[in-house]
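Structural features, examined
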Amino acid sequence: MRYYANFKLNKTSKEVVDYFEKFNQYNINQQVCFFVSPALIDGAVKSTEHPIGTQNIASQKWGAFTGETSIEQAIDLGCKSVLIGHSERRHIFNESDALIAEKVKLAKEYEVEIVLCVGETLLEREQKFDVIKRQLTSALDNLSSYSNIIIAYEPVWAIGTGVVAQNADIDEMANYINSVLKQNYNTTLPILYGGSVKTTNVKELKTINSISGFLVGGASLEPDEFYQIIIS
Ligand code: PEP
């Protein structure tokens, strides 16, 4: 299975070094990647052999875009993976499907893994299949290849809330996502689940055959806890 940590806007550079001093001691034979904020990429890359990803990129390569981080800057610092379309970007920073599509298209020009997040809000729950289809197709329609893309299904109402989606619902959505991918692009992609994954629920979640791993926010912030999730 694959495990992706999302540190969000947390940790100083010293805390990142301390984190990896501990985490690197664990013998892990599964794929683990850490999404950190741009300011922490350099320190994280220097502190661990595990791949480091960035939590966001600008939709433009370069130019007058104050406060943004470009894909080339992230890659230059050693980033191997890019998180695009996280619900906090969609809902707090009002990122549209069109902007997310631009970011995916730009990242595709580089040899970097793309983790594309999709997920419905509580209000959208009744139309969740339409919402996910729209988020997927708007981001993927203009691509000519789908290699190196992973889909993270993260129902917004489950992120950071302690409420985890039911196994049957996650399984149903993962199968639906792959049916949309098959129908529209003749491909299938690895699917992650994210939303309040913890040591106490991950064993149960690991019984879902249609998913390939997890995107973990809050519970990835402590090395012990994240390690327990991985080995559970
Ligand atoms: C996330 O940030 O992508 C996430 C899933 O957060 P949490 O695990 O805290 O719900």
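Residues numbered from 1 in each chain as written. Predicted model: local features only at pLDDT ≥ 70, side-chain atom pairs only at ≥ 80, totals over all residues. Heavy atoms only, no water.

Our focus in this paragraph is the site of the ligand. Neighbouring the ligand are 14 residues, the closest being Lys 8, Glu 154, Gly 160, Ser 196 and Gly 217. Contact between the ligand and Gly 160: an oxygen atom at 2.6 Å from a main-chain N or O atom of the residue. Taking Gly 217, its main chain carries an N or O atom lying 2.8 Å from an oxygen atom of the ligand. Considered on its own, the ligand offers 290 Å² of accessible surface; in the complex 96% of this is hidden by protein. A majority-of-atoms criterion places the ligand in the second largest pocket. (Near = heavy atom within 4 Å. Polar contact = N/O pair within 3.5 Å; in protein donor to acceptor, adjacent residues only side chain to side chain. Areas by Shrake-Rupley, 256 points an atom, 1.4 Å probe, with all protein chains shown as cover. 1 Å grid on protein atoms, 1.4 Å probe; cavity = no way out; pocket = protein on both sides within 12 Å on 5 of 7 lines; lining within 4 Å. Sits in = over half its atoms within 2 Å of the grid points.)

Moving on, we get to the packing of aromatic side chains. A complete count under the given rule lists 15 aromatic pairs for this structure. Ring geometry for Phe 20 versus Phe 34: centroids 4.8 Å apart, planes at 85 degrees, classification edge-to-face. One end of the pair, Phe 20, is in helix H1 (residues 13–23); the other, Phe 34, is in strand E2 (residues 31–36), and 14 residues separate them in sequence. Exposure remark for Phe 20: the relative accessible area of 0% places this residue in the buried category. Overall, Phe 34 belongs to the buried group, its relative accessible area being 0%. By way of ring pairs, the aromatic residues Phe 7, Tyr 19, Phe 20, Phe 23, Tyr 26, Phe 34, Phe 226 and Tyr 227 are connected into one cluster. For the cation-ring pair, Arg 89 lies above Phe 93, with the distance from its terminal atom to the ring centre recorded as 4.0 Å. Taking the ring centre of Trp 157 as reference, the NZ or CZ of Arg 125 above it sits at 3.9 Å. (Phe/Tyr/Trp six-rings, centres within 6.5 Å; stacked < 30°, edge-to-face > 60°. Helix = DSSP H or I, 4+ residues; strand = E, 2+ residues; numbered from the N terminus. Buried < 20%, exposed > 50% of the residue type's maximum accessible area, 1.4 Å probe, protein only. Lys NZ or Arg CZ within 6 Å of the ring centre and 35° of its normal.)

Burial runs high along strand E5 (residues 113–118): six of the six residues are buried. Across the two faces of E5 the burial is the same, with Glu 113, Val 115 and Cys 117 and Ile 114, Leu 116 and Val 118 all buried. Where strand E4 (residues 81–84) and E5 come together, four bridges link them in parallel fashion. Bridge pairing in E5 places Ile 84 opposite Leu 116. Here E5 runs beside strand E6 (residues 149–153); their pairing, made up of five bridges, is parallel. Bridge assignment links Leu 116 to a residue of E6, and that residue is Ile 151. (Pairing = 2+ DSSP bridges.)

Attention now moves to the pattern of salt bridges. Enumeration over the complete set of coordinates arrives at ten salt bridges. Put simply, Asp 224 and Lys 22 hold a salt bridge, and the shortest N to O gap is 3.4 Å. Of this pair, Asp 224 sits in helix H9 (residues 223–231) while Lys 22 sits in helix H1, placing them 202 residues apart in sequence. A salt bridge links Glu 95 to Lys 103; its shortest N-O distance comes to 2.8 Å. Judged by relative accessible area, which is 7%, Glu 95 ranks as buried. The buried category is assigned to Lys 103, whose relative accessible area is 2%. (Salt bridge = Lys/Arg side-chain N within 4 Å of Asp/Glu carboxyl O.)

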